[in-house]
Amino acid sequence: MGKEIWVVAFLLSQALLLPIAQAAELHTERISGSAGDVLEDDPVGRLKVFVYNLPRKYNKKMVDKDSRCLTHMFATEIFMHRFLLSSAVRTLDPEEADWFYTPVYTTCDLTPGGHPLPFKSPRIMRSAIQYVAMNWPYWNRTDGADHFFVTPHDFGACFHYQEETAIQRGILHLLKRATLVQTFGQRNHVCLKEGSITVPPYAPPQKMQAHLVSPSTPRSIFVYFRGLFYDVNNDPEGGYYARGARASVWENFKSNPLFDISTDHPPTYYEDMQRSVFCLCPLGWAPWSPRLVEAVVFGCIPVIIADDIVLPFADAIPWEEIAVFVAEKDVPSLDTILTSIPAEVILRKQRLLANPSMKQAMLFPQPAQAGDAFHQILNGLARKLPHDRSVYLKPGEKVLNWTAGPIGDLKPW
Amino acid sequence: MFHSHGTRRSNAAARSSASGGLEGGGVGSPAASSASEGSSFRPSASTFWLLLHGLCCLISLFLGFRFSRLIFVLLFSNTIYTYTTTTTTTITSTRTETLTVSFPLTHTPPIETAVKPNNSAIELSDKMSNQGSSHSQVVVGRHGIRIRPWPHPDPTEVMRAHRIIERVQQEQRKWYGVKSPRPLIVITPTYARTFQALHLTGLIHCLRNVPYPVTWIVVEAGGVTNETASLLARSRVQFLHIPFHEKMPVEWAERHLTENRMRLLGLRVIRERNMDGIVLFADDSNVHSLDLFDEIQKVQWMGSVSVGILAHSGGPDRTLLTEDEKLNPPIPVQGPACNSSGHLIGWHTFNSIPYSEKSATFVGESATVLPGKMEWSGFVFNARMIWKEAEEGRPEWVKDLDKIGENGEEIESPLALVNDASFVEPLGDCGKKVMLWWMRVEARADSKFPPGWIIDPPLEIVVSAKRTPWQESDDLAGSKLEQDDRRFTRPKSRSSSKRKNTLPGQDN
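Predicted model only: the values in this text are computed from it and were never measured.

**Here we look at the overall build of chain B**
Of regular secondary structure, chain B possesses 13 helices and 12 strands. Counting over 508 residues, chain B shows a buried share of 41%. Partitioning the intrachain contacts of chain B with sequence separation of at least 6 by distance along the chain shows that 74% fall at a separation of at least 24. In the form shown here, chain B has an accessible surface area of approximately 28700 Å², with 57% of it arising from carbon and sulfur atoms.

Here is the structure:
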């Protein structure tokens, strides 16, 4: 008699639990990229990083001189340094380190207007590397192959804001073997080297959190964009800025009510993004922009208009499933492209964007939190381990040419 | 010399001005680049350099700086780079350059329209700075701005976009909106008058945008009329058209009372039919925000929201505010008042003291229309509250509907429906959020309007509005012009409405 009651109770509980489990249908979806389901990996224990102690002139003194470096979109280099100093992956014993970090802020020399000047950056970097090579044996051991640098400028380690000049300069020769952590990413481009880790640009997380609205606010804007279409100051002829793509967006869709695009600076910029289904992220002078981070945080599907761009953490995040990619030559038919995406695909993209680990991976919160962009960088570095045998030079072997590069770069700093 | 360089140009696709860092800068002037190279010429005299400088200037003048720089780099550059670029021909064919066109072309896709003369040079310099492998289609340099021939929205696509937006919003409501929403029952007292179409159309559009099932009870004073019936029939909202036996009076005070009685009639209909949902009173001239309909889903039995009062005089009368009031403008809101812990402690009512001298008595008078003490539209309740059978425990603080008004007393506000007003739930963040606005705008009670607001057949004659041209009969077709008003005639076709003579004092 008692056994029957237990069986009945057991079956009843199963019957009750099953619909509950089914009803807990999530409004998000797990994200796994080509490297697997790695967004939530914990880098602690998988790698060890040694942070070189460089003199103040390479880092702290620059920030003290101009504190705007802490809030502009190149602040990644500063925050990465601060994060590593107090992180659990840091080791004080260089013999057991897998990776070596050189904290040199090459993007902190600002004009009065706040734009970073890249003209001294190659010399600063070179000087830092020389310091490291002279004071520790680890650089010469591998010629920098187990060292990584953060170069968040427009075209990364090419150290110039103008694309033609950046291509002519190429990546600084001394960084030939090192791993670069940079925001710039474009396939088949001189300034993106094999094995680099692409990261999102810095966007202040508190500022974005302060403008969050309720997720039940209905999304009523179809396509949203705020920014320049023509850069009359730097590109008076037209056709150079954004390879003509932004101008094309304007000319084709300025009278289309589905496209809320203008050059305004509204105070409700962040709130409006949360009321939009699609947010345009076209290239500017460089292919990357903080708009991608903003779109992801606010749940607006990014429409990437930048040919051959490499998006942040491309091996951990399957961007093709999350964003919409439009070729620059297809911009005139952007409305046809966007309206012909099936609704289920759009809903799925929104579910992926709603995943909190996705939003967290794009941000650099202080202090650092699990799953944020700092951790994704470390995960990326950990995925490159163990180092290949070719990393270690044979005794007497030298790969780097210390006198390579434009003569101007060789001046000491 | 330059012709030979013309042929060398195609071979020189392999060369590049991108020196990859071995030359200084690369942005230098031709004189500088030629000076920094070990020139293959042996200059013997300064005159040669003078001539060269003059030549440079001439070339820059004619061909532009970029091209001239290119020429000189080709002349003096000794370094050859093996760039595996695609050949010149394939690059030009994949680049479809469209220049900005200011007029719409025919519907042929825009390919290779007229190219400016120095474009070829620019293409060259593009190829010069083309990067690495043969897979790259991305080229640095100047690009055309692609504009399609008809850059205007396509209506099918617009509809598709709206359906996408609708689907997205539906999904949003599913995850973040009200779980298990209840249907709404909206009670509106109305009557046929000049501005009825104006007010009702606004309300119809509002109700159609509400994402919950709506049943609309329209109580019409003076019986069912065709005007109202035709408006409702086109509305595509589920409605019940209930006649009310009295005609709407012309005085505002009387009108408020009649409307109250009409609303009670609506409540009795709900009671008879045992309709379920949330009861909301939407006056036809009020303005509602869609947030209101989401907020009232929270009501348990009876709730109250804040109503913004838009009392205006209908004329440019600004002398009502005193200086003190201009600094602290009176908040014209009727609604619940709460203490700091969010409990209802009282009611905000409309301050009618500034208007005590001049307020409108008759409908359509150009003076301020004052609201009642507590507007019905600020209250919502659960329909079960007025059902006959005390199902699901109708609270004891609710009076039975049949007992209200049986002695002929007037019901001023819905608070008469309850015994204890402290049980009313304050909604909208305790009344801080104003989601609907009370407004009364009416034309003169004796103003006439064309039935259904359709003028058929079209007017032949236009007359000054100072005198109403319409006869007592509703027949407009045969409107005769009064003899002394024959100022001008209007052509039969209404399309070209250009006035030949404009009259002073013609108010339109």
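Here the narrative resumes, following the displayed structure.
**As for the overall build of chain A**
A tally of helices and strands in chain A yields 15 helices and 10 strands. Dimensions along the principal axes, computed over C-alpha positions, put chain A at roughly 85 × 70 × 35 Å. Looking at the 413 residues of chain A, the share that counts as buried comes to 57%. Partitioning the contacts of chain A with sequence separation of at least 6, the portion at a separation of at least 24 is 72%. Taking the average location of the 40 positive side-chain charges in chain A and that of its 43 negative ones, the two points are 7 Å from each other.

**Looking at the sheet that holds strand β10 (residues 324–325) of chain A**
Residue and element names in this part refer to chain A. Reading across the sheet, the five strands line up as β7-β6-β8-β9-β10 and stay open at both edges, with parallel pairing between neighbours. The open sheet has two edge strands with one neighbour each: β7 (259–262) and β10. Each of β8 (276–282), β9 (301–305) and β10 touches helix α13 (residues 343–354); the most contacted strand, β9, lies at about 105° to it.

**Focus: the nonpolar core**
Among the nonpolar cores identified, the biggest contains 92 residues, and A:Leu84 and A:Phe278 are the most heavily contacted of them. When neighbours within four sequence positions are excluded, A:Leu84 is seen to be in contact with A:Val49, A:Val51, A:Val89, A:Arg90, A:Tyr101, A:Phe148 and A:Leu378. Formed by 75 residues, the second largest nonpolar core is a distinct cluster that contains B:Phe281, B:Ala367, B:Met374 and B:Leu436.

**A look at the confidence of the model for chain B**
Residue and element names in this part refer to chain B. Of all residues in chain B, 63% have pLDDT values of 70 or greater, and the mean over the chain is 72. Mean pLDDT in chain B bottoms out at helix α5 (residues 88–94), which sits at 34, and peaks at strand β1 (residues 184–190), which reaches 95. Confidence over residues 78–134 falls short of pLDDT 50; this stretch has 83 contacts with residues more than four positions distant or in other chains. Two summary scores accompany this predicted model of the complex, namely pTM at 0.71 and ipTM at 0.87.

**Re the packing of α13(A) against helix α7 (residues 155–176) of chain B**
Axis separation between α13(A) and α7(B) bottoms out at 10 Å; the angle between their running directions is 45°. It follows from the interaxial angle that α13(A) and α7(B) lie oblique. Relative to α7(B), the crossing made by α13(A) is right-handed. Along its contact with α13(A), which presents A:Ala343, A:Ile346, A:Leu347, A:Gln350 and A:Arg351, the element α7(B) presents B:Ile164, B:Arg167, B:Val168 and B:Glu171.

**Re the state of the cysteines**
Residues and elements named next belong to chain A. This model, assessed by the stated rule, comprises four disulfides over all chains. Each sulfur in the disulfide pair Cys69 and Cys108 lies 1.9 Å from the other. One quick way to see it: the torsion about the S-S bond of Cys69 and Cys108 is about 120°, and its sign makes the bridge right-handed. Linking Cys69 in the loop between α2 (60–65) and α3 (76–85) with Cys108 in the loop between β2 (99–101) and α4 (121–135), this pair joins segments that are 39 residues apart in sequence. Of the two residues examined, Cys69 and Cys108, each falls in the buried class. Disulfide partners in chain A, listed by the sequence order of the bonded cysteines, are 1-2, 3-4, 5-6. The cysteine Cys281 is free of any disulfide, with Cys279 supplying the nearest cysteine sulfur at 6.7 Å.

**A short note on the pattern of salt bridges**
For the structure on display, the rule yields 34 salt bridges over all chains. A salt bridge links A:Asp335 to B:Arg148, with the nearest nitrogen and oxygen atoms 3.1 Å apart. Of this pair, A:Asp335 sits in helix α12 (residues 334–339) while B:Arg148 sits in the loop between α6 (119–128) and α7, each in a different chain. The exposure classification of A:Asp335 matches that of B:Arg148, with both residues buried. Between B:Glu259 and B:Arg440 there is a salt bridge; the shortest N-O distance is 3.9 Å. Linking B:Glu259 in helix α10 (residues 252–273) with B:Arg440 in the segment after β12 (434–439), this pair joins segments that are 181 residues apart in sequence. Residue B:Glu259 shares its accessibility class with B:Arg440, and that shared class is buried. Each of B:Arg193, B:Arg255, B:Glu259, B:Arg263, B:Asp283, B:Asp284, B:Arg440 and B:Glu442 takes part in one network of salt bridges that share partners.

**Some points on the UniProt feature "domain: Exostosin GT47" (unreviewed entry) in chain A**
Cross-referencing UniProt, the feature "domain: Exostosin GT47" (unreviewed entry) maps to residues 46–341 of chain A in the present numbering. Secondary structure content for residues 46–341 of chain A is 27% helix and 14% strand, while the C-alpha to C-alpha distance between its ends is 41 Å.

**What to know about helix α8 (residues 196–209) of chain B**
All names here are of chain B. Counted at 1.5 Å a residue, the expected span for α8 with its 14 residues is 20 Å, and the 20 Å between its end C-alpha atoms agrees. For α8, every residue scored as buried is listed here: Gln196, His199, Leu200, Leu203, Ile204, Cys206 and Leu207. All buried residues of α8 project into a common sector of 165° when viewed along the axis, lining one side. Exposed positions of α8 whose direction lies more than 90 degrees from the buried face are Leu198 and Asn209.

**Points about the interface of chain A and chain B**
At the interface, 56 residues of chain A touch 42 residues of chain B. Where chain A abuts chain B, roughly 4300 Å² becomes buried across the two surfaces, and 59% of that area is made up of carbon and sulfur atoms. It is A:Gln168, A:Asn188 and A:Tyr240 in chain A that bury the most area against chain B; as a group they hold 15% of the surface buried on that side. Counting across the interface, chain A meets chain B through 14 residue pairs in polar contact (both at pLDDT 80 or more). Those elements giving two or more residues to the side of chain A that touches chain B turn out to be α6 (163–169), α8 (245–253), α12 and α13 of chain A. Looking at the side of chain A that touches chain B, the element that brings in the most residues is α6(A), giving six residues. Taken together, the residues that form the side of chain A that touches chain B break down as 20 nonpolar, 22 polar and 14 charged.

**Concerning the environment of A:Thr403**
Summarising the element assignment, A:Thr403 is placed in the segment after α15 (373–383). Side chain to side chain, A:Thr403 and A:Asn401 meet in a polar contact 2.8 Å long.

**Considering the sheet that holds strand β7 (residues 306–310) of chain B**
Each strand in a sheet pairs with its neighbour through backbone hydrogen bonds, running either in the same direction (parallel) or in the opposite one (antiparallel). Residues and elements named next belong to chain B. If you walk across this open sheet you meet the five strands as β5-β12-β7-β8-β9, and the pairing is mixed. The strands lining the two open edges of the sheet, one partner per strand, are β5 (287–288) and β9 (344–348). As paired strands, β5 and β12 are joined by two bridges and run antiparallel to one another. In the sheet register, His288 faces β12, and the bridge partner there is Leu436.

**With respect to the packing of α8(B) against helix α9 (residues 226–233) of chain B**
In helix packing, the relevant descriptors are the interaxial angle and the interaxial distance, both defined with respect to the helix axes. Residues and elements named next belong to chain B. At a minimum axis distance of 11 Å, the contact between α8 and α9 shows a crossing angle of 25°. Put simply, α8 runs roughly parallel to α9. The crossing of α8 and α9 is right-handed. The residues of α9 that touch α8, namely those facing Gln196, Ala197, Leu200, Thr201 and Ile204, are Glu227, Thr228 and Leu231. Residues of the contact of α8 with α9, tallied by class, amount to four nonpolar, three polar and one charged.

**Side note on the pairing of strand β4 (residues 179–182) of chain A**
All names here are of chain A. By the alternation rule, side chains of β4 split into Thr179 and Val181 and Leu180 and Gln182, which are all buried. Where strand β3 (residues 147–150) and β4 come together, three bridges link them in parallel fashion. Looking across to β4, one finds that Val150 is bridged to Val181. Traced from β3 through α6 to β4, the parallel crossover comes out right-handed. Two strands pair when backbone bridges link them, and β4 and strand β5 (residues 197–198) are joined in this way by two bridges, in the parallel orientation. By the bridge assignment, Val181 is partnered in β5 with Ile197.

Quick notes on the rules
- Residues numbered from 1 in each chain as written.
- Chains lettered and ligands numbered in written order.
- Predicted model: local features only at pLDDT ≥ 70, side-chain atom pairs only at ≥ 80, totals over all residues.
- Heavy atoms only, no water.
- Helix = DSSP H or I, 4+ residues; strand = E, 2+ residues; numbered from the N terminus.
- Buried < 20%, exposed > 50% of the residue type's maximum accessible area, 1.4 Å probe, protein only.
- Contact = heavy atoms within 4.5 Å.
- Areas by Shrake-Rupley, 256 points an atom, 1.4 Å probe, with all protein chains shown as cover.
- Lys, Arg positive; Asp, Glu negative; His and termini not counted.
- Charge placed at Lys NZ, Arg CZ, Asp CG, Glu CD.
- Pairing = 2+ DSSP bridges.
- Axes fitted to C-alpha atoms, helices over the stretch in contact; angles between N-to-C directions.
- Core = buried A, V, L, I, M, F, W, Y, C linked by side-chain atoms within 4.5 Å.
- pLDDT = per-residue confidence, 0-100.
- Parallel < 35°, antiparallel > 145°, perpendicular 65-115°, else oblique.
- Left-handed = near helix turned anticlockwise from the far one by under 90°.
- Disulfide = S-S within 2.5 Å.
- Salt bridge = Lys/Arg side-chain N within 4 Å of Asp/Glu carboxyl O.
- UniProt positions renumbered as here; feature names shortened; annotations may be inferred.
- Expected span 1.5 Å × (residues − 1).
- Arc of directions from axis to C-beta.
- Buried area = accessible area lost by both parts, 1.4 Å probe.
- Polar contact = N/O pair within 3.5 Å; in protein donor to acceptor, adjacent residues only side chain to side chain.
- Nonpolar A, V, L, I, M, F, W, Y, C, P; charged D, E, K, R; others polar.
- Right-handed = clockwise from strand over helix to strand, strands pointing away.

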